[in-house]
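# Fold and contact review
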Amino acid sequence: MDDQLAALEAEVERRAAQVKTPGDLETLRTDILGRKGGRLSQVMAGLGKVPKEERAEFGRRANETKARIEARFAQAELRLGDAELERSLSQRFDLTFPGIPPRRGSLHILRQTLDDVAAFFRKRGFAIVFGPEVESEYYNFEAMNIPADHPARDAMDTFYLASGGLLRTHTSPMQVRAMEEYPPPIAILVPGRAYRRDALDARHAFAFHQFEGLQIDRGITFGHLKGFVSDLCRTLYGNERRTRFRPSYFQFTEPSAEVDVSCPVCDGSGCRTCGGSGWLEMGGSGMVHPHVLKSAGYDPEIYTGWAFGLGIERIAMVRNGVDDIRLFTENDPAFLEQFA
Ligand code: PHE
């Protein structure tokens, strides 16, 4: 039996030194050391035939042999690992070869535009608040001084919901919601989505983004509105831009004005972007109507304020020379990556 152990050990020594791959080494290991049918187990199975008084001695030797065989395998494993490392290190690397750039996301151009707007308001101490896109008739119309049956409701092209609510047609309903929540004075920016049943074309989307600016305090005048909006337009479009207030009409402001900015493309001489007029319409504005203040619980005898609502798509289009509003939602990477 001692002979068998010695023969097995010699065989392992010889074969382990010749093994070329980790797979072959594993096969050899199972062949020799496998619990069932392994060659060592087979030798050990003969233990029963060994005379009783020699059994302990034989067992000890068998264990020693097993330990040495295991050490052989460990050694062979190291050798194969070293060989593998050697092989991979001896390959030539071209360190100047361009790598694979990681894919990076970026903010959508509408979000970037809004961030610029928000930074302007924040610097001036305005709070940013958000309101529901599913609105009630009360906040969208009534509280804004647009009673039921008023023809102005048609002009808003409203999406009505089966639930009885509607998709807000502007961010203005947040004027009253905010005033209900906070006592005067108030200075807020309300960015958000608005919806109108417009036919889709290069300039109209049925879902678009607006932001509402609102400031109410004692002694606020139209001059404050002009100053604030002119400053905003210069910040967004550049210091050379002029702002124009054109008399207009909204139910919730009095007086009301349309805000125009001198066309940044032609600087006012008239071009395709401004339709030849030299001016671009940015949105509506005015002094908050006393009825609106009253429905929000503010005393119009004490407080006055301005409000305006501008379109974010509009600003992004003018600033970046985008001529079709649909590009913002088509998610064509070729378009979006220009602003990454
Ligand atoms: N809510 C108006 C619109 O969407 C814009 C506006 C806001 C006008 C605030 C006056 C004051 O057309």
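Attention in this report is confined to the structure presented alongside it.

Definitions and cut-offs
- Residues numbered from 1 in each chain as written.
- Predicted model: local features only at pLDDT ≥ 70, side-chain atom pairs only at ≥ 80, totals over all residues.
- Heavy atoms only, no water.
- Helix = DSSP H or I, 4+ residues; strand = E, 2+ residues; numbered from the N terminus.
- Expected span 1.5 Å × (residues − 1).
- Buried < 20%, exposed > 50% of the residue type's maximum accessible area, 1.4 Å probe, protein only.
- 1 Å grid on protein atoms, 1.4 Å probe; cavity = no way out; pocket = protein on both sides within 12 Å on 5 of 7 lines; lining within 4 Å.
- Points joined across faces, edges and corners; volume = space filled by probe spheres on them.
- Nonpolar A, V, L, I, M, F, W, Y, C, P; charged D, E, K, R; others polar.

Our focus in this paragraph is helix α9 (residues 222–237). With 16 residues, α9 ought to run about 22 Å at 1.5 Å a step, and its terminal C-alpha atoms sit 22 Å apart, in line with that. Within α9 the residues assigned to the buried category are L225, F228, V229, S230, L232, C233, L236 and Y237. Backbone geometry just after α9 places G238 at a positive phi near 115 degrees.

Take the layout of surface pockets next. Space inside the largest pocket adds up to approximately 1,300 Å³. Contributing to the lining of the largest pocket are 44 residues, with R196, E281, M282, G283 and R314 lying nearest its centre. Secondary-structure elements contributing two or more residues to the lining of the largest pocket are α7 (152–155), β5 (207–217), β6 (243–250), β7 (253–262), β8 (279–288), β9 (304–311) and α11 (312–320). A per-class count over the lining of the largest pocket returns 19 nonpolar, 15 polar and 10 charged. Computed from the structure, the second largest pocket encloses a volume of approximately 440 Å³. Breaking the lining of the second largest pocket down by element, the ones donating at least two residues are α5 (109–123), β4 (186–195), β5, α11 and α12 (327–330). If you tally residues by element for the lining of the second largest pocket, the top one is α5, at 6 residues. Of the residues in the lining of the second largest pocket, the class split is 10 nonpolar, 6 polar and 7 charged.

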